[in-house]
Amino acid sequence: MTGQRSHLTRDYLKEIFGAGNYDRYPDISDRKAWDGLSENLKNKLIKAGEEAEEEPWTQLLISDFLEFSKSGNRVRFEDQYFPRRRKLNKLVMAECVENKGRFLDDILDGLYLILEETTWCLPPHTSYERDGRQETLPDVSRQIIDLFQAESGAEIAFTEYLLRPAFEKVSPHISIYVNQRLDERIFKPYLGQFFWWMGDGEQTMCNWTPWIVQNILICALTRTEGYFEKRNLKTEDGNTASLMTFLEKAAVSVDYFLDEYGTDGGCNEGAQYYSHAGLCLFGCLELIDGATSIKDELKYAEVDKNGQVLLHDEQNELHNADQSDTNENYAHCFSEIFSEEKIRNIANFIVKMYVGKGYYVNFADCSPLAGRRSAREFLFGKRCGDEVLASFAAADFREGSDDEKLLSSEINLFYHVMQAFAYDEMMDYPVSSGLPEDSWFDSMGLMVARDKIYTLAAKAGNNGDSHNHNDVGSFTIYKNGRPFLIDLGVGTYTKKTFSDSRYELWTMQSQFHNLPTFLDFAATSAQNGGASSADNIADTLGMDSAADAHNPQIIMQRDGAEFAASDVSCILCTNNTAEDKKAVSSLKMDISGAYGTSNFIYTREVSLVKGEGVTVKDTYKGGLPFTLSLMTYEKPKIMPSSIENTIETSEAKEKITNISVGDLGNITVKGPVTKALIKEYEIADERLSIAWHHNVYRTLLVCDSEGVSAECDLDIKIE
């Protein structure tokens, strides 16, 4: 948490005099809006619906749900769960565009399949307390709102909203059934129970908060006028709920989420989770704004007199003119929240993380391939007045395949409709000349620096981040948009991923990041086969990551916010005052605190010298031998006899290790390296293989007791 309590959302909401339904996107009866989409897009949506019709509806079995408790495998259930939702979305979008009724039977099949599921929760999300014991089977007598209970609620709610006029012609019982399920699984538990993701000022919030709150708002704001009063739904204190009840409750949770962010907008969950954190924050604010901006008739689906969808700027111009005579209360509309510095910085975080060629700076559980940008980023940029973000999102969208442009893998129907009504504008949106500058995110200890060749990211911070990996002091490098020194990301989620055994997994450990691992033989050599040499243990280091995690001889970083970098300083080239006038961005820190021991001090300074390359200066004070890991995607090669090479200095002889990395470049290490090993790791995991299409490599530089003195330096140059 930032230490400061935010009331930002609540303060803006206080200026609102009432709330109505969210209707910035039209239901199927608004033919002028849906027919105003381009013929090209409409044809693609109809084709996607026709293809979806040919797919069978998946079957969910209770044995699939049980598999998680037996083996930790969650994918078996998810592989049946998510395709239903994707198919339904495609059918709904096709019907809204075509409006002939030919998709309705299939839509009802899918809708009722989801309505009749025993639970909408995923197997790993069935605990009533945060990080508590998971229920083996769902408890139908007490609902839990997890990520996908809320997602499923939003899908059936938005389906019913969009097709309500068509459903009414078939039977009133369709909407009755949807509303019954929403009352039971969303509205009553939301109003009457406390879930950790709501926030209480004590627990740390993460992407769950805006992700769930956004979807609950979709459920609530698409019900018919007076819905909650007519159904006499009660809050925890016994009062009758209204739309404003949901907005006020949502605003409290959103503010707890904002407490986790510094003004710099840094997302410690990373670029991939920005889609569920920052963008779902946008979803919350957009929905509140749409429900409260009574005098602001802005819609995302307006058409002109010729039946063409108006572009966003044209709508603003039209309505600004219409509102020229509105009273002073209009100045306090909720949409002004998008001009707040923190909100704007949360929005453009994703631009600052972009490397090129689809790659993003990654850390923690994030993949370097964080996915395509969509209408959500585009509209977030537009609402914040950030043309760089809007242009970046549109340009990346245009690079996508048809499936990516149509969000074929996305289960949230609201996003599909957003995408459809921004599609044509994004296709023609101009490219911005603005480029991200070097960035320092003090709130999370992350520096990103770049020039025409290199993108360097270096992380200080601590090991208490959401989706944390033990990576304080690690860094990644891209050269000409290609991964040079890498962060692996995370494998397929299993029960172990979010358990006490998380840091037995290899991708979580500091030894598989670009960091040192220390070796302590003195106290435990007799217990561990008499190992007394860094060379000996380096040969087997990483072969069994679970065993390494419990081996007292192997000192890796530890998890928790208290295991952190100290004495952190960052200098960006924009404020560099070096006498040689070189443009340098650098991050300097002491990372020894991340290892939970006082036996040594290890400082690191990582710098991008613009136009030259990356340098790393490690200074070690201590007597323990250690290994330094360098993770690469391309195969490294130790140049012949490089460790025996020395250079004379005024004080001593210094060893040089030269490593070539594929066709990317070279790494030169000056320091007490006594042995260099190259280890190859198979990428067999499905999730890891999305980013890494072949094996990855770890170069282990061993600094044994014969080379380590009370104080030594490692100077690394990457070029």
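The structure under discussion appears in the preceding block.
Only a predicted model underlies this, so the values are computations on that prediction, with no experimental measurement involved.

1. Section: the overall build of the protein chain
Scanning the protein chain from N- to C-terminus turns up 22 helices and 23 strands. Split into buried and exposed, the 719 residues of the protein chain put 60% on the buried side. Here the protein chain displays about 28600 Å² of accessible surface, and carbon together with sulfur accounts for 46% of that area.

2. Here we look at unusual backbone geometry
Phi at Asn232 takes a positive value of approximately 55°, unusual for a residue other than glycine. Tracing the chain through its elements places Asn232 in the loop between helix 10 (227-231) and helix 11 (243-258). Exposure remark for Asn232: the relative accessible area of 42% places this residue in the partly exposed category. For His467, which is not glycine, the phi dihedral falls at a positive 60°.

3. Observations regarding the pattern of salt bridges
One pass over the structure, following the stated rule, counts 38 salt bridges. For Lys382, the salt bridge is made with Glu425, and the minimal N-O distance between the two is 3.9 Å. Taken together, the residues Lys382 in helix 16 (residues 375-384) and Glu425 in helix 19 (residues 413-428) connect sequence positions 43 residues apart. Take Lys382: its relative accessible area is 9%, and that puts it in the buried class. Residues Arg482 and Asp663 are paired through a salt bridge, measuring 3.0 Å at the closest nitrogen-oxygen approach. With Arg482 in strand 8 (residues 482-485) and Asp663 in the loop between strand 19 (653-661) and strand 20 (665-670), the pair connects residues that are 181 residues apart, well separated along the chain. Given a relative accessible area of 29%, Arg482 falls into the partly exposed group. Shared partners join several salt bridges into a network, and the residues in it are Arg24, Glu286, Asp289 and Arg383.

4. Some words on helix 5 (residues 75-98)
Across its 24 residues, helix 5 extends 35 Å between first and last C-alpha, which sits within 8% of the 34 Å expected from 1.5 Å per residue. Among the 24 residues in helix 5, 18 count as buried, and that is most of the element. Positive backbone phi, approximately 60°, marks Asn99, located one or two places after helix 5.

5. Describing the packing of helix 6 (residues 104-115) against helix 8 (residues 173-192)
Running from N to C, helix 6 and helix 8 cross one another at 30°; their axes reach a closest spacing of 11 Å. Here helix 6 is positioned roughly parallel relative to helix 8, judged by the angle of their axes. Where helix 6 crosses over helix 8, the two elements pack in a sense that is left-handed. Counted together, Leu108, Leu111, Tyr112 and Leu115 of helix 6 and His173, Ile174, Tyr177, Val178, Arg181 and Arg185 of helix 8 form the full contact between these two elements. Residue classes in the contact of helix 6 with helix 8 are distributed as seven nonpolar, one polar and two charged.

6. With respect to the environment of Ser598
Along the chain, Ser598 turns up in the loop between strand 13 (584-590) and strand 14 (601-609). Sequence separation of Ser598 and Gly622 is 24 residues, and the distance between their C-alpha atoms is 9.5 Å.

7. Comments concerning the environment of Leu162
You can see Leu162 is positioned in helix 7 (residues 147-170). Not counting chain neighbours up to four residues away, the residues in contact with Leu162 comprise Pro26, Asp27, Ile28, Trp34, Val92, Cys96, Leu413 and Val417.

8. Remarks on helix 17 (residues 387-399)
Helix length check: helix 17 (13 residues) gives 18 Å between terminal C-alpha atoms against 18 Å at 1.5 Å per residue, within 8%. Those residues of helix 17 that fall on the buried side of the exposure criterion are Leu389, Ala390, Ser391, Phe392, Ala393, Ala394, Asp396 and Phe397. The N-capping residue of helix 17, defined by a side-chain oxygen 3.1 Å from the backbone nitrogen of Val388, is Asp386.

9. Describing the packing of aromatic side chains
One pass over the structure, following the stated rule, counts 49 aromatic pairs. Where Phe187 meets Tyr227, the ring centres are 5.9 Å apart and the plane angle is 65°; that geometry is what we call edge-to-face. Of the two residues, Phe187 sits in helix 8 while Tyr227 sits in helix 10, which places them 40 residues apart along the sequence. Take Tyr227: its relative accessible area is 5%, and that puts it in the buried class. Geometrically, the ring pair formed by Phe187 and Phe228 is edge-to-face, given 4.9 Å between the ring centres and 85° between the ring planes. Placement of Phe187 in helix 8 and of Phe228 in helix 10 is noted, with a sequence separation of 41 residues between them.

10. Here we look at empty space enclosed by the protein
Taken as a whole and judged by the stated rule, the model has four cavities of 30 Å³ or more. Forming the walls of the largest cavity are Thr118, Thr119, Cys121, Thr126, Tyr128, Glu135, Pro138, Asp139, Val140, Arg142, Gln143 and Ile144. Across the lining of the largest cavity, the residue classes tally to five nonpolar, four polar and three charged. As a volume, the second largest cavity reaches approximately 80 Å³. Forming the boundary of the second largest cavity are Val361, Asn362, Phe363, Leu446, Ala457, Ala458, Lys459, Asp471, Ser474, Phe475, Thr476 and Asp487. Sorting the residues of the lining of the second largest cavity by element identifies strand 5 (454-459) and strand 7 (475-479) as the ones contributing at least two each. Looking at the lining of the second largest cavity residue by residue, the classes come out as six nonpolar, three polar and three charged.

11. Here's the deal with the nonpolar core
Core analysis: the largest hydrophobic core is formed by 151 residues, its most contacted members being Leu162, Phe187, Trp197, Leu217, Phe246 and Ile343. A total of twelve residues in this core trace back to one element, the largest contributor, which is helix 7. Non-local contacts of Trp197, meaning those with residues more than four positions away in its chain, are made with Ile145, Tyr190, Met205, Trp208, Thr209, Ile212, Val213 and Ile216. Of all hydrophobic cores here, the second largest spans 46 residues; its members include Ala458, Val472, Tyr620 and Ile659.

12. A look at the environment of Ile659
Residue position: Ile659 is located in strand 19. Considered as a pair, Ile659 and Met639 are 20 residues apart in the sequence and their alpha carbons are 5.8 Å apart. The residues touching Ile659, leaving out its near neighbours within four places in the chain, are Leu630, Pro636, Lys637, Ile638, Met639, Gly665, Asn666, Ile667, Thr699 and Leu701.

13. Here's the deal with the packing of helix 15 (residues 341-353) against helix 17
Viewed as axis vectors pointing N to C, helix 15 and helix 17 meet at an angle of 50°, and their least axial separation amounts to 9 Å. Classified by the interaxial angle, the pair formed by helix 15 and helix 17 is oblique. In terms of crossing hand, the pair formed by helix 15 and helix 17 is left-handed. In contact with Ala347, Asn348, Ile350 and Val351 of helix 15, helix 17 contributes Val388, Leu389 and Phe392.

14. Topic: the pairing of strand 16 (residues 626-632)
Where burial is concerned, most of strand 16 is hidden: seven out of the seven residues are buried. One ladder, built from three bridges, connects strand 9 (residues 516-519) with strand 16; its direction is antiparallel. Opposite Thr517, over in strand 16, you have Thr627 as the bridge partner. One ladder, built from seven bridges, connects strand 16 with strand 22 (residues 696-703); its direction is antiparallel. Within strand 22, the position partnered with Met631 by the bridge is Arg698.

Calculation notes
- Residues numbered from 1 in each chain as written.
- Predicted model: local features only at pLDDT ≥ 70, side-chain atom pairs only at ≥ 80, totals over all residues.
- Heavy atoms only, no water.
- Helix = DSSP H or I, 4+ residues; strand = E, 2+ residues; numbered from the N terminus.
- Buried < 20%, exposed > 50% of the residue type's maximum accessible area, 1.4 Å probe, protein only.
- Areas by Shrake-Rupley, 256 points an atom, 1.4 Å probe, with all protein chains shown as cover.
- Salt bridge = Lys/Arg side-chain N within 4 Å of Asp/Glu carboxyl O.
- Expected span 1.5 Å × (residues − 1).
- Axes fitted to C-alpha atoms, helices over the stretch in contact; angles between N-to-C directions.
- Parallel < 35°, antiparallel > 145°, perpendicular 65-115°, else oblique.
- Left-handed = near helix turned anticlockwise from the far one by under 90°.
- Contact = heavy atoms within 4.5 Å.
- Nonpolar A, V, L, I, M, F, W, Y, C, P; charged D, E, K, R; others polar.
- Polar contact = N/O pair within 3.5 Å; in protein donor to acceptor, adjacent residues only side chain to side chain.
- Phe/Tyr/Trp six-rings, centres within 6.5 Å; stacked < 30°, edge-to-face > 60°.
- 1 Å grid on protein atoms, 1.4 Å probe; cavity = no way out; pocket = protein on both sides within 12 Å on 5 of 7 lines; lining within 4 Å.
- Points joined across faces, edges and corners; volume = space filled by probe spheres on them.
- Core = buried A, V, L, I, M, F, W, Y, C linked by side-chain atoms within 4.5 Å.
- Pairing = 2+ DSSP bridges.

Function cannot be read off these values alone, since they describe shape.
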